Every structure is written in C-alpha cells, then in structure tokens.
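Coordinates in review
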Amino acid sequence: MHNLITLGEFIIKNQRDFPYAKGQLTNMFSAITLAAKVMNSQINKAGLVDELMGKVGTENVQGEEQKKLDVYANKLFINALKARNEVCGIASEEEEETIIFDNESAINGKYIFLIDPIDGSSNIEVNVSIGTVFAIYRRISPIGKPAILEDFLQTGRNQVGAGYVIFGSSTMFVFTTGNGVNGFTYDPSIGVFYLSHPNLKIPQDGNIYSINEGNYAYFSDNMKAYVNYCKEIDEASNRPYTGRYIGSMIADLHRNILKGGVYMYPNSQKSPQGKLRLLYECNPMALLIEQAGGMATNGQQPILDIEPTDIHERTPFYGGSMHMMEQLHKILHA
Ligand code: AHG
Ligand code: MN
Ligand code: MN
C-alpha cells in the first residue's frame, strides 16, 4: 500500500505552489476528477452499453469520424467545467469553434481550458488504453468580458497547468502545475485517487522507441535513418531498442515517462504537418515531459515555444528521455 495521500489532500497542501488564486485551481481539478470518475465508470461498461460504443455518424473539424464516447466525454468535461465558473473559454478537439461562456459568472473566470476528451478513440472498441489530456492557461483578455481568440493562442510556455487521465489496467491522473509531475491512481471501490507516483522523473536514457512504423515509406530520409538506428545492434548503447506503439499518444507517453523512451509522430509525405494537435495534445504533454526532466520538440524547437495560429493546428512531435532525444536530433539534422 502507498502512503494513502488522496488527490484532494495533495491539491490543498500544494496549492500554495500554484502561482495564482488557490480555490480556483481546486475547483477546476474537482471538475476534471469528477468527469474522470464518471468516464471511468462508463468506459468500463463500453461493450455492454450500446450508447457508448461505435460511431456517431458525424465527423469532427479534422474530418475524423466521431465515436460515441468522443461526444459523450466532450460534453461531460465541458459541463463539469461550466458548472464551476473558473473557466471563461474552452477549446476541444471535438468542437470546431472555441466555446466562449458569456453568462455573468463565467466572464469573470480567469482560465482557458483546452482538451482532447478522448485520445486514442480507435482503441475504445478493442479494450486498449485511452486517455484524456488537457491544458490550462490564464486568460490575457480583461476579466469581466467574454474570452477572445488570443486567449487560446498562447504558447505552451504560458500553461499554468496540464495533465492527463489514462484509462488503462488502472485509471490514473497525472498532472503538473509547473512544479514537477505527480501521478495518482484511482481506487474505484471507494472513488478516490491516491498519490501513487510522487515527483515523476523520466529516465534520461531508455530503450523504447514508439512510432507508427507502418508510415516508414512516407518518412524523410533522416527519419528513416533514426528508425534504422533504433534497430541496429550495438551493445554499448543498449540497441536494438524495443518497439512499442499503442496508438494512443497518452498511453504511449505514459509508458515512456515511467520506463524511459522516445515517442515520435513526425511530419511525412502522408501528413505534411504531422498528425498531432499542438494546443490540446502536444503542449500539455510537452509541459509534463519537460517537468519530468525530458525533452519535447517539433524536430526544430521546443514544442512549448511554438507560436500557435489556429486552435486545431498540427505539429510534428518528438518527446521523451533527454539522451534519446539528443541522439534523435543529431540524426534528424545530419
Ligand atoms: P485521437 O484519438 O484524439 O484522434 O488521437 C489519436 C492520435 C494519437 O493519440 C495517436 O498517437 C495517434 O493518433 C495514432 O495515429 P496513427 O494511427 O496514425 O498511428
Ligand atoms: Mn488525441
Ligand atoms: Mn480525441
């Protein structure tokens, strides 16, 4: 058994480290963990409950088919946040436009929330891990007025909080408020998250490489060279590495943060901008990786320094163990 510190206790104890107003953080995290608990109970029924499995028959703004659980999770998180009035605007993978609250209480909300409600949608039906990932910013527009687009288009460096929930063999909540990364494991029998992974640090070295190698033919020559490097025999550098790819960025990165490794979704002939979305997938994961002592880039610069121009923009993404990332950059720029 662990030290039995609950998520609620941890947040209250550590909110003095949060640079801004205290109760507001607690409220936002209450919304997230409540929605995560509802999700947990629903996901465990997927397959039994028809309303949760399968396609809705609609596409999201990126032209991807929406699963019932995508739509369900999206509404759930939005409603949980809306009820607490700390957030004045939300951007979601499943919403083409930003959601800007204009009721009297919410326009006084200081925070902007960006979310991928379900990451790894294609894994739902086959009982493989999925996740939820989010980023929190302070608004830059004046309090008391509706949020504006610029509030959403801040660089990842401005995040005041980021985290993910992974629904795997157990459900975990991992987050940062810019002062390290902590992981909490859910005990569904009593509905409590316990601190199970305090002060998470990603190993500097690792031997896992994660990439959709089915796209190899579309990769640049340098990207191909790195994939081949991972598979070469070289005892001194612990190669060949192990290939692991779940197809849910959250789950792939969660494993690599714990064990050490590098996760890549490069640009390629098939996806010239890469596939992953900067604002609600890459930025929060990049902040968590940096806070855990790792590195996350688009191959040229830190993900967190990219100036966004569109809420749904994509970026190549490379993230993980520091030394593996350094070697990857060497080969990408050879
Ligand atoms: P989402 O389910 O939110 O659309 O995201 C899926 C993303 C990411 O999580 C995953 O790593 C990647 O797509 C997998 O893409 P490929 O199937 O192209 O490898
Ligand atoms: Mn996703
Ligand atoms: Mn998604």
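This text goes with the structure placed above it.
Residues numbered from 1 in each chain as written. Chains lettered and ligands numbered in written order. Predicted model: local features only at pLDDT ≥ 70, side-chain atom pairs only at ≥ 80, totals over all residues. Heavy atoms only, no water.

1. Some points on the coordination of the manganese ion (ligand 3)
Distances from the manganese ion (ligand 3) to its protein donors, namely Glu93 (OE), Asp116 (OD) and Ile118 (O), fall within the range 2.1 to 2.8 Å. If you list the donors of the manganese ion (ligand 3) from N- to C-terminus, the spacing comes out as E-x22-D-x1-I. Between the manganese ion (ligand 3) and the manganese ion (ligand 2) the interatomic distance comes to 3.7 Å, and Asp116 is a ligand of both metals. Taken together, the positions of Glu93 in the loop between β3 (87-92) and β4 (99-100) and Ile118 in strand β5 (residues 111-119) put the pair 25 residues apart, joining distant regions of the chain. (Donors = N, O, S within 2.8 Å, 3.2 Å for Na, K, Ca; no water. Helix = DSSP H or I, 4+ residues; strand = E, 2+ residues; numbered from the N terminus.)

2. Some thoughts on the sheet that holds strand β11 (residues 208-210)
On the basis of which strands lie adjacent, the open sheet formed by five strands has the order β12-β11-β13-β15-β14 and mixed pairing. With partners counted over all chains shown, the strands left at the sheet margins are β12 (242-243) and β14 (295-297), one partner each. Where β11 and strand β13 (residues 262-265) come together, two bridges link them in parallel fashion. Across the sheet, Tyr209 pairs through a bridge with Val262, a residue of β13. Lying on the sheet, helix α7 (residues 278-291) is in contact with β14 and β15 (317-320); it crosses β15 at an angle near 25°. (Pairing = 2+ DSSP bridges. Contact = heavy atoms within 4.5 Å. Axes fitted to C-alpha atoms, helices over the stretch in contact; angles between N-to-C directions.)

3. With respect to the site of ligand 1
Around ligand 1, the surrounding shell holds 18 residues, and the nearest of these are Asp119, Asn212, Tyr245, Tyr263 and Tyr265. Met249 is positioned with one of its backbone polar atoms (N or O) 2.9 Å from an oxygen atom of ligand 1. Relative to its unbound accessible area of 470 Å², ligand 1 is 85% covered by the protein chains. For the shell around ligand 1, the secondary-structure elements that each account for two or more residues are β5 and β13. Split by residue class, the shell around ligand 1 holds six nonpolar, five polar and seven charged. (Near = heavy atom within 4 Å. Polar contact = N/O pair within 3.5 Å; in protein donor to acceptor, adjacent residues only side chain to side chain. Areas by Shrake-Rupley, 256 points an atom, 1.4 Å probe, with all protein chains shown as cover. Nonpolar A, V, L, I, M, F, W, Y, C, P; charged D, E, K, R; others polar.)

4. Section: the coordination of the manganese ion (ligand 2)
Looking at the manganese ion (ligand 2), the protein donor atoms are Asp116 (OD), Asp119 (OD) and Glu281 (OE), and they sit 1.8 to 2.2 Å from it. Each donor residue of the manganese ion (ligand 2) lies on one chain, and together they are spaced D-x2-D-x161-E.

5. Let's talk about the nonpolar core
If you look at the biggest cluster of nonpolar residues, it comprises 42 residues, and the most contacted ones within it are Leu114, Tyr164, Met249, Met285, Ile303 and Phe317. Where this core is concerned, the elements lending two or more residues are β3, β5, β6 (130-138), β7 (159-167), β8 (171-176), α6 (249-259), β13 and α7. With nine residues, α7 is the single largest residue contributor to this core. Among all residues touching Ile303, those that are not within four sequence positions of it are Leu278, Cys282, Asn283, Ala286, Ala296, Thr297, Asn298, Thr315, Pro316 and Phe317. Phe10, Met39, Ala73 and Tyr111 belong to the second-largest nonpolar core, a separate cluster that totals 41 residues. (Core = buried A, V, L, I, M, F, W, Y, C linked by side-chain atoms within 4.5 Å. Buried < 20%, exposed > 50% of the residue type's maximum accessible area, 1.4 Å probe, protein only.)

6. Regarding helix α1 (residues 7-14)
By the burial criterion, the buried members of α1 are Leu7, Phe10 and Ile11. Considered in projection along α1, the buried side chains sweep an arc of 95° and stay on one side of the axis. Away from its buried face by more than 90 degrees, α1 exposes Ile12 and Lys13. (Arc of directions from axis to C-beta.)

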